[in-house]
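Chain residues, written in single-letter form:
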Amino acid sequence: MGEQGWAAVTMRGVCARAQLTDRYFYENFADRDALLVAAWDQLRDETVALLLDAIERAPKEPVAQLRAAIEAFVRQLTADPSRARIAFGEHAGSDALERRRRDTLRTFTDLLIVAGRPYFRPDVDEDALRMSVLMGIGGFVELITAWHAGAVPADAQQIIDHSTKVGATLAIPYLP
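Quick summary incoming for the structure in this document. Computed from a prediction, not measured in an experiment: that's the story for all the values here.

Looking only at helices and strands, one finds eight helices and zero strands in the protein chain. From first element to last, N terminus to C terminus, the protein chain shows the α and β order α-α-α-α-α-α-α-α. Considered along the principal axes of its C-alpha atoms, the protein chain spans approximately 60 × 35 × 30 Å. Here the protein chain, with 176 residues, has 38% of them falling under the buried criterion. Partitioning the contacts of the protein chain with sequence separation of at least 6, the portion at a separation of at least 24 is 66%. Taken as a whole, the protein chain presents about 10300 Å² of accessible surface, with 57% of it coming from carbon and sulfur. Side-chain charges of the protein chain comprise 20 positive and 25 negative groups, with the mean position of each set lying 1 Å from the other.

The next point concerns the environment of R57. With respect to the helices, strands and loops of the structure, R57 is situated in helix α3 (residues 32-57). Distance in space between the C-alpha atoms of R57 and A68 is 8.2 Å, their sequence separation being eleven residues. A polar side-chain atom of R57 sits 2.9 Å from a polar atom in the side chain of D53.

Looking at where S132 falls in the secondary structure, it is placed in helix α7 (residues 126-148). The exposure class of S132 is buried, given its relative accessible area of 15%. Discounting residues that sit within four places of it in the chain, S132 has contacts with L170 and Y174.

Bringing the nonpolar core into the picture now. Core analysis: the biggest nonpolar cluster contains 37 residues, and V74, F88, F120, L129 and I144 have the highest contact counts within it. Among the elements of the structure, α3, α4 (62-79), α5 (81-88), α6 (95-116), α7 and α8 (156-171) are those that each provide at least two residues to this core. Examining the composition of this core, we find that seven residues originate from one element, α7, more than from any other. Every residue in contact with L129, bar those within four places of it in the chain, is listed here: I113, R117, F120, V124 and Y174.

Basis of the calculations
Residues numbered from 1 in each chain as written. Predicted model: local features only at pLDDT ≥ 70, side-chain atom pairs only at ≥ 80, totals over all residues. Heavy atoms only, no water. Helix = DSSP H or I, 4+ residues; strand = E, 2+ residues; numbered from the N terminus. Buried < 20%, exposed > 50% of the residue type's maximum accessible area, 1.4 Å probe, protein only. Contact = heavy atoms within 4.5 Å. Areas by Shrake-Rupley, 256 points an atom, 1.4 Å probe, with all protein chains shown as cover. Lys, Arg positive; Asp, Glu negative; His and termini not counted. Charge placed at Lys NZ, Arg CZ, Asp CG, Glu CD. Polar contact = N/O pair within 3.5 Å; in protein donor to acceptor, adjacent residues only side chain to side chain. Core = buried A, V, L, I, M, F, W, Y, C linked by side-chain atoms within 4.5 Å.

This is the structure we're talking about:
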């Protein structure tokens, strides 16, 4: 999945690569979709932990925390491009992965809102905030997807700097 995308994953191919029997596969996964979902969930959970750690270590200032999360994420993808293929590869045709992708967008939206909550104005419009965060994350995902595909001629630092600048701009209406 990390090398050729989800469509190239087969139960037999996984078993051959892991040197396992078909029986072992079916003792752990109902089918290929269950394996794909498990791989996605593991990647998501590791990424959530990475982001939470980056936010926790950053100075207690919203843009610094946003930058730390973006930088940790971009550096992780740079260090292991297979993670980008799993997260940002083509998911069309896999209902299970499309559902996970949508759920993960909501998860990351919630994560950023919770992380930013101590800094928001008390009268923040929650609906507008959610839309802005979702829009920022969606745009970030598209930028990373294009960058990973080679369509954006930038280095990791440019991606981090630009994404932080856009995120900070989107946050202006919600900060005192």
